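# Structure assessment
So you can see what is in the structure, the chains are spelled out below.
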Amino acid sequence: MPCSACGARSIAFTVPADLRAHAPGEGAAATICSRCLRTHPADEGAADPEFDAILPAFPSGEAGAALALALGLLDSLALRRDAIDDCCSYAERAGADVLLTLDRLVDAEGVEPHVNLSRRRHQLVELLR
């Protein structure tokens, strides 16, 4: 399924139950664009999403799903601060290194985020303290 914003490949994933309030459409499934990193609601998610299509070092499983949700929320850090914190904390508890992944996404070829990840990373460091 292509991204409605940029046309690139989107990856469907299942949203962890604890994070559904932060998912697009508050559903049980969502997609993340492999290029712009926007998230969109989905009818169903993959049990084993191919997050490595975004970045080989992108976290897998629930950690990847939580990080994908956080990336989709970064366009409005001020308004979604609590949701971003919940998603990043969940990703870290599931084994992801959120800040390292953001660093790698900044330098990743073919990734053109809908937000300035370098700037957001600095803000996330303050948020996640």
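Residues numbered from 1 in each chain as written. Predicted model: local features only at pLDDT ≥ 70, side-chain atom pairs only at ≥ 80, totals over all residues. Heavy atoms only, no water.

Turning our attention to the overall build of the protein chain. Within the protein chain, the regular secondary structure consists of 4 helices and 3 strands. Secondary structure of the protein chain in N-to-C order comes out as β-β-β-α-α-α-α. Relative to its length of 129 residues, the protein chain is compact, with a C-alpha radius of gyration of 13 Å against a globular reference of 14 Å. The principal-axis extent of the C-alpha atoms belonging to the protein chain is close to 35 × 30 × 25 Å. In the protein chain, the proportion of contacts linking residues at least 24 apart, taken out of those at least 6 apart, comes to 57%. (Helix = DSSP H or I, 4+ residues; strand = E, 2+ residues; numbered from the N terminus. Rg over C-alpha atoms; globule rule 2.2 N^0.38 Å. Contact = heavy atoms within 4.5 Å.)

Right, let's talk about the packing of aromatic side chains for a bit. Taken as a whole and judged by the stated rule, the model has 2 aromatic pairs. Pairing phenylalanine 13 with phenylalanine 51 gives two aromatic rings, centres 5.6 Å apart and planes at 55°, and the pair type is tilted. Taken together, the residues span a long stretch of sequence, with phenylalanine 13 in strand β1 (residues 10-14) and phenylalanine 51 in the loop between β3 (39-41) and α1 (61-73) at a distance of 38 residues. Look at phenylalanine 51 and phenylalanine 58: their rings are 5.2 Å apart centre to centre, the planes differ by 35°, and that puts the pair in the tilted class. Exposure class is identical for phenylalanine 51 and phenylalanine 58. Each is buried. (Phe/Tyr/Trp six-rings, centres within 6.5 Å; stacked < 30°, edge-to-face > 60°. Buried < 20%, exposed > 50% of the residue type's maximum accessible area, 1.4 Å probe, protein only.)

In the structure shown here, the tally under the stated rule is 3 salt bridges. Arginine 80 is the partner of aspartate 75 in a salt bridge, and the nearest nitrogen-oxygen pair spans 2.7 Å. Taking relative accessible area as the criterion, aspartate 75 reaches 42% and is therefore assigned partly exposed. One salt bridge connects arginine 121 with aspartate 103, and the closest N-O pair in it is separated by 2.5 Å. In this pair, arginine 121 is assigned in helix α4 (residues 117-127) and aspartate 103 in helix α3 (residues 98-107), connecting sequence segments 18 residues apart. Using a relative accessible area of 24% as the deciding quantity, one classes arginine 121 as partly exposed. (Salt bridge = Lys/Arg side-chain N within 4 Å of Asp/Glu carboxyl O.)

Everything listed is a geometric property; what it means functionally is a separate question.
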